[in-house]
Every structure is written in C-alpha cells, then in structure tokens.
Amino acid sequence: MNFDKARPESWAWWRSGLRYYSYGFYLRERFAARVHRVSVDGGFTCPNVDGTVAVGGCTFCDNRSFSPSRRLPRMAIRSQIDEGISRLQRRYPDCRKFLAYFQPASNTYGPVERLRRLYDEAVSHPQIVGLVIGTRPDCLPEAVIELLAEYAGRTYVSLEIGMQTMHDRSLLAMNRGHTHAATVDAVRRCRGRGFHIGLHLILGWPGESWQDMMATADEVARLDVDAVKIHNLYAVRNTPLGEQVLRGEVQLMDRDVYVATLVDFLERLPPGIVVERVAGDAPSDYLIGPTWCLDKNGVRLAIEHEFRTRNTWQGRLSGSHRNNLRSNSSPSPAI
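Residues numbered from 1 in each chain as written. Predicted model: local features only at pLDDT ≥ 70, side-chain atom pairs only at ≥ 80, totals over all residues. Heavy atoms only, no water.

**Q** Please explain the pattern of salt bridges as it appears in this structure.
**A** Pairing between side chains of opposite charge can happen when their charged atoms approach one another. Summed over the entire model, instances satisfying the criterion amount to 20 salt bridges. Taking the shortest distance from any N to any O, the salt bridge between Arg34 and Asp94 comes out at 3.4 Å. A residue pair is termed long-range when its members are at least 10 positions apart, and Arg34 in the loop between α3 (23–31) and β1 (35–40) and Asp94 in the loop between α4 (77–91) and β2 (97–102) qualify at 60 residues. Owing to a relative accessible area of 53%, Asp94 belongs among the exposed residues under this scheme. Here Arg310 ties to Glu306 by a salt bridge, and the two come within 2.9 Å at their closest N and O atoms. Within this pair, Arg310 and its partner Glu306 are both found in helix α12 (residues 296–310), separated by four residues, close to a single helical turn. A residue is classified by how much of its surface remains accessible, and Arg310, at 30% relative accessible area, is partly exposed. Because the salt bridges share partners, they merge into one network encompassing Asp264, Glu267, Glu306, Arg310 and Arg316. (Salt bridge = Lys/Arg side-chain N within 4 Å of Asp/Glu carboxyl O. Helix = DSSP H or I, 4+ residues; strand = E, 2+ residues; numbered from the N terminus. Buried < 20%, exposed > 50% of the residue type's maximum accessible area, 1.4 Å probe, protein only.)

If you want it as structure tokens, here you go:
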C-alpha cells in the first residue's frame, strides 16, 4: 500500500511526516508553544503499598528510579515547580509553559480535600497551564472523578491510569492488587468528563507472548482512550523484579525485539491516540537492565527506522477490530 495514498487528510501528525502521533506534536498543537512537564511529589502512597489491597508495591517499582522528586527531600508543591522549571529552562531556555505532573505513587489516593489543596497549589503557579495526574484504576472513586472534571472545566487535565497489561495473570505477578476489570470500569466512568484519559503500558512482561501483547493493543484500541505511555520492561535495584533479573530468572527484551514489538503494537492503535512515550529507562545508578534503554536517542532512531523500513504507521491495522466501549462495558477475555 502506498503511504501517501493511504493517509487520511485529517491526520495532521502524518502530514508533518511522523509515523505515529507523538506527544511533542500533540502539545505543540494543543498549546501553540513548547510545553514541558514538571514532576511534582504530593507525598502519596499506593493501596498495594499501605496494605489496603496488598503490601510491597508493584514488583517492578521503586519511585526513586523514575521520579526526580523521590530522590530529594520533598518540598512544598510551589517550590518543587519553581525548581523544576529552573532545571528545565537551563536545557530549554525558550520554554515558558509547563504542566504540573503529579508523578510518583497514586496521585488520586486520598481525601478530596487534600487533593484539591495540592492541585490548587499547582495550578495557581503562573507558568502552569495544566495538570497531569498519574494514578491506578482502583483509586478513582466518583468524588475524585468529579473533582478532576471540575479542574478540566478551567484548565487542561490529563489523567494517566496504570493499566500495564490486560492480562490478569500478569497483573497478579506484578502485585498490582487489581484486575483488568478495574481499568475497564475506570475508563468507562471517566469518559466524557472533560479530561484526557491515558494508559500506562509495559511491553515484555515475563510470560507474555507476542500474541498476548497484541491482545493488549487491541484492548487499548477498544477502550477508546486519548493517550498511551508505552515502555519496555526494565529492572531497577532493590525491587523484586530486579532481584529476579540478577538471579537470571527473568530475561529482559533486547532492543531489536522491543522495537519490532512496539511498532507492531502501534500499528494496532487508532491514529487519534497520542503516544506519550515509546520507551522507558531509569538513572544509571538504579538501572539493572536493559542498558540499551539508556541510549534514548538511539532507541528513538531505531523506532523511526523500523517504521520507515516497513513503510508502516500508527493505525494501519486498527480499523477492523476497534469496538467502542460506550456500547460494551465488559472487558475482552484475558488470554
């Protein structure tokens, strides 16, 4: 199939020469300016850490490995934003607009009054143009969804929900403390409330085949969300997964396999889903492996090369199996 003839004219990202709907392209279109996220720490925990649904947290997770705020003494939200902006502007001096990214742990896990106080402190900053809030699907009671909808009525709000995979056996192995049905329910209840809905996803979980990962892609397409964050499974120190990798019990994907699998995954996603991340990493002093993920630019170039070599694009395989969740709220069967 010829790439240009197959291209729907409404896909603005495609007209710009991209092969997938990148987050950078989306932000420039949405805010008409360079926008960066500033990581802030609200001091939250998770229900699979504090014993509500489990203990020990996710087997792959050490918040210090992916959130700068967890590697430093926690400051007031305003001070964290000022420091984060200062750090980013040293690298991007022309950037004047920022999103407050409540990143570590589950940032809707608490009383509504506390959430409002923290979110208010963030949005009151003159350079903050929106909120990005990471959480779990089982931490979204109706009162919290109503609060997010209230903020979405006056500013940009993106809600990032940790789905990881559609397969319950993998969620159990991760010690997530919830099943995929919780994600389906959360997406259903959040839809149409004025904020963007994104899903976090992991490729390469032990025991998941290529078919399993493509089933997750098809399920994401069916859920009809606004964005995804996809990353390779990586292992950091002082986690159960890290210990498994060090003992040789778990093998992590090599770069070529990951790149090919990611492109297969994106082919199945509708073209309107923003791809906020295509790989993940951790600071070198935390990372066990794979070491290839430290070369961010190399990974990005390899992904672009894979798309071009195949002459393919996000959404090429998405139309035939997309099923709108609005008419069917039950999850697809797990493999």
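**Q** Would you mind going over α4 with me for this structure?
**A** Each α-helix turn comprises 3.6 residues. Residues three or four places apart therefore point the same way. Its 15 residues place the ends of α4 22 Å apart at the C-alpha level, agreeing with the 21 Å of an ideal helix rising 1.5 Å per residue. Packing partners of the buried residues in α4 comprise β1, β2, α5 (112–123) and β3 (128–135). (Expected span 1.5 Å × (residues − 1). Contact = heavy atoms within 4.5 Å.)

Limitation: the analysis is restricted to geometry and does not speak to function.
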